[in-house]
Amino acid sequence: MLCRLNWPAFKRNFLMMTRLKCRKFEGMSLVVFTELGFYCPQADVYIDPLRKVPRAIVTHAHSDHARPGMGSYLCEWSGVEIMKLRLGKGISIQGLVYGESIFMNGVEITLFPAGHVPGSAQVRLSYHGEIWVISGDYKTLADGLSPAFESVRCHHFVTESTFGLPIFHWKPQAEVFADINDWWQQNAECGTTSIILGYSLGKAQRIMKYLNRDIGEVICHSAIADANRALERSGYEFGDWSEAETAVDGLGKDALSRSLLICPPNALNGPLIKKIGKHALANCSGWMAMQKSQHWGAVDKGFVMSDHADWSQLLEAVVSSNAENVYVTHGFSEIFARYLRENLFIHAEVVKVGHWNRTEE
Ligand SMILES: [Zn+2]
Ligand SMILES: [Zn+2]
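Parameters and conventions
- Each chain has its residues counted from 1, running along the sequence as written.
- Just so you know, chain letters begin at A and ligand numbers begin at 1, following the order they were written in.
- Whole-chain, interface and lining totals are the exception, using all residues; otherwise, since this is a predicted model, local features are given only for residues with pLDDT of at least 70 and side-chain atom pairs are given and counted only at 80 or more.
- Only runs of H or I of at least four residues qualify as helices and only runs of E of at least two qualify as strands under DSSP, and these elements are numbered from the N terminus.
- For every residue, the other C-beta atoms within 10 Å of its own C-beta are counted; 20 or more classify it as buried, 12 or fewer as exposed, and values in between as partly exposed. C-beta atoms are placed from the backbone.
- Contact between residues is assigned whenever the C-beta positions, reconstructed from backbone atoms, fall within 7 Å.
- In this scheme, strands are said to pair when DSSP sees at least two bridges between them.
- Note on geometry: axes are lines fitted to C-alpha atoms, helical ones only across the stretch in contact, with angles between N-to-C directions running from 0 to 180 degrees.
- Whether a crossover is right-handed depends on one test, that the path from the first strand over the helix to the second runs clockwise when the strands point away from the viewer.

(A) Representation of the overall build of the protein. Within the protein one finds ten helices and 19 strands. Sorting the 361 residues of the protein into buried and exposed places 45% on the buried side. Taking the contacts inside the protein whose residues are at least 6 apart along the sequence as the reference set, 59% of them involve residues at least 24 apart.

Next up, the structure:
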């Protein structure tokens, strides 16, 4: 049986619901920490969500931030191609240029360079004078590949702390690349192919950008080759390279022994490395700062280089944000937050959003 609509009651209830909805958001923080990740109720959008949600802003395409299955994605413009490569061509995705703003239900959303990897962004959310910055992964050192980190002033700053211990201190990038090129040269002179392990998005291209091609050929594993092509389509440049599938058989034995191959760490036990023959193996990671630890694995040589901030860069980012409230996420969060409270007298707390893993540092 159909009920007749009690129009005055419906109107009263509807208006009450609307008021409740508005009050709820007014009373809430602009960003809240939920089981699904960082959520902005006013804009109804998640940042780097852990599970499927209708709308996601993604700071960068590493797998611990960009997950499949979202209704729609928003990311930095130059990250769109790599997001499609990793999450599927059919995803609904919008790219925003650094510094450009869009509004979601009155919330101004702007992306700023995070300096972590190509397409990485800090997300600034502003509403009624309250400003939040969710920085994702970042480094303040300009690596010459990704647009350099830009400090954004805010009231609330969310920072990672992957290398949030004072023992982590990165050498200038030029020194690390001089070491890498020296190592490659020595191997080439001994007829030994050089193999460097580096993640396929960011680390690999950063290494490629500063390799001295006078020594030999630069060869990339197919996963890195795919990422290279997506990034080249988005305007990034990192010098000449060839794909391992064709290059390893195509190059003569002599040229192959003078080459440098870049592989993602998970390809270490794959068929490609077995095919190479005599080789020297290096890893390029912030964890190489921990001498002879489990992070070294089977490698002969470690180069300390990370796309994350070291201890002093983390402090620099927090201080320059001028934030009254700092929220520390994945990494050495307890130690870093305590340091901020006790030494810099900043209100800092640990937030646990998702499970931190060390993939794609
Ligand atoms: Zn990352
Ligand atoms: Zn991460």
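(B) Fine view of the sheet that holds strand 13 (residues 218-220). The strand order across the open sheet formed by six strands is 14-13-15-12-16-17, and the pairing between neighbours is parallel. In this open sheet, the two strands that pair with only one neighbour each are strand 14 (242-243) and strand 17 (301-303). The pairing of strand 13 with strand 14 spans two bridges and is parallel. In the strand pairing of strand 14, Cys220 is matched with Glu243. Contacts from helix 3 (residues 173-189) reach strand 12 (193-197), strand 15 (260-263), strand 16 (279-284) and strand 17 within the one sheet, and its direction differs from that of strand 17 by about 155°. Of the strands in this sheet, strand 13, strand 14 and strand 15 are in contact with helix 5 (residues 222-233), which crosses strand 13 at around 100°.

(C) How the structure looks around the pairing of strand 19 (residues 347-350). Across four bridges, strand 18 (residues 325-331) lies against strand 19 in parallel orientation. Opposite Val328, over in strand 19, you have Val350 as the bridge partner.

(D) Broad picture of helix 2 (residues 80-87). Within helix 2 the residues assigned to the buried category are Val80, Glu81, Ile82, Met83 and Arg86. Contact partners of the buried residues in helix 2: strand 5 (72-76), strand 6 (93-96) and helix 5. Downstream of helix 2 by one or two residues, Gly88 has phi in the positive range, about 115°.

(E) Up close: the pairing of strand 18. The buried count for strand 18 comes to six of seven residues, which makes it a mostly enclosed element. As defined by bridge partners, strand 11 (residues 156-161) adjoins strand 18 across five bridges and the pair is classed as parallel. The partner of Phe157 across the bridge, within strand 18, is Val326. Since strand 18 and strand 19 lie parallel, the crossover through helix 10 (residues 333-344) that links them has a hand, and here it is right-handed.

(F) Structural detail: the sheet that holds strand 4 (residues 55-57). Ordered in space as 1-2-3-4-5-6, the six strands form an open sheet in which the pairing is mixed. Edge strands, defined here as strands with exactly one partner in the open sheet, are strand 1 (32-34) and strand 6. Neighbour to neighbour, the strand axes of the sheet diverge by 30° on average, direction disregarded. Pairing between strand 4 and strand 5: three bridges, direction parallel. Looking at the pairing, Ala56 lines up with Tyr73 of strand 5.

(G) The environment of Pro265, seen in detail. For Pro265, the position within the fold is in the loop between strand 15 and helix 8 (271-276). Here Pro265 falls in the partly exposed class, since 17 other C-beta atoms lie within 10 Å of it. A C-alpha to C-alpha distance of 6.7 Å links Pro265 and Tyr199, two positions 66 residues apart in sequence.

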